[in-house]
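Here is how the chains run, residue by residue.
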Amino acid sequence: MLTIDWSKTNGWGKPLISELQPLTLHRFNSSLHYAIQCFEGFKAYKNEKGELRVFRPDCNMLRLKNTSKALCLPDFDGNELLKCVEQLIKIDQRWIPAKRGFSLYLRPTHISMENTLGVKEPAASQLFVVTGPTGPYYPSGFKPVALYCETEKIRSAPKGYGAYKMGRYNSFYSAITVQLCCQASKLKQKVTRNAFGSSKAKLLKLVLQISSLWWSTKTGRGNYWLQNSMGLSYLE
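Residues numbered from 1 in each chain as written. Predicted model: local features only at pLDDT ≥ 70, side-chain atom pairs only at ≥ 80, totals over all residues. Heavy atoms only, no water.

1. Topic: the pairing of strand β5 (residues 42-46)
Link 1 in the chain: Of the strand pairs in this sheet, β5 and strand β7 (residues 103-112) are connected by 3 bridges, and their pairing is antiparallel. Its bridge partner lying in β7, A44 is registered against L104.
Link 2 in the chain: Examined bridge by bridge, β5 and strand β6 (residues 52-54) share 3 bridges and lie antiparallel to one another. Opposite A44, over in β6, you have V54 as the bridge partner. (Pairing = 2+ DSSP bridges. Helix = DSSP H or I, 4+ residues; strand = E, 2+ residues; numbered from the N terminus.)

Given below as structure tokens:
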């Protein structure tokens, strides 16, 4: 595994390649409570001559950089990280099964190492890359598959975070970046606008998660929603 630590005081530390080890986290760690974490995934193969091959890892590095910045995690040099990953692949290449379609899976991950409660920009983080042998994506071969279409929930929306790979499925995924903009403007609180189903209506949500206003562009009427621990209560 590859690990690189960062702190606001000292910046990026020296990359370290070592044996796979458990990750120990403080119980207040903000990557657990507020999903300040992101990841990538790609594979290293061997061709018929035994040469190592990786498909466009620079694109994975670019998305990891962009996702890190979206979460207010520190930026990094993607080319330098890729050089470290290449050394890791050379060391772990013996784990690539000598079978067609098999490969070495790589999971670069960037997490907050901030150990205090509160939605804020982390003062410490860790980049790590773990590897493991993996088989074909479709073990039964490339055959037609049955699909299920979810109509009640949405994964992404215009101007949302669907283009990033992050632990974002909670109410805090955009809070930090927008809150920093509030602080820069000397404002106390933020309001976010989210898609509400397939409607053209707009949903305004306070970060305090106390209340929301749903405004219909068709009728010109607004509805007030009171949020509580069990869900949403509707009020005219």
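2. Notes on the nonpolar core
Link 1 in the chain: Ranked by size, the top nonpolar core spans 25 residues in total, and within it L2, L81, V85 and L106 carry the most contacts.
Link 2 in the chain: If you list the elements that add at least two residues to this core, you get β1 (2-7), β5, α2 (57-70), α3 (78-92), β7 and β8 (124-134).
Link 3 in the chain: Residue contributions to this core peak at 6 residues, all from α3.
Link 4 in the chain: Not counting residues within four places of it along the chain, the set of residues in contact with L81 comprises L2, I4, M61, L64, F76 and L127. (Core = buried A, V, L, I, M, F, W, Y, C linked by side-chain atoms within 4.5 Å. Buried < 20%, exposed > 50% of the residue type's maximum accessible area, 1.4 Å probe, protein only. Contact = heavy atoms within 4.5 Å.)

3. Quick look at the pairing of β1
Link 1 in the chain: The buried count for β1 comes to 5 of 6 residues, which makes it a mostly enclosed element.
Link 2 in the chain: Where β1 and strand β3 (residues 16-17) come together, 2 bridges link them in antiparallel fashion. Among the inter-strand pairings, L2 is bridged to a residue of β3, identified as I17.
Link 3 in the chain: Both β1 and β8 contribute to a ladder of 6 bridges, which runs antiparallel. Bridged to I4 within β8 is L127.
Link 4 in the chain: Where β1 meets strand β2 (residues 11-12), 2 bridges bridge the pair, whose relative direction is antiparallel. Opposite W6, over in β2, you have W12 as the bridge partner.
Link 5 in the chain: The turn joining β1 and β2, which pair antiparallel and follow one another in sequence, is formed by 3 residues.

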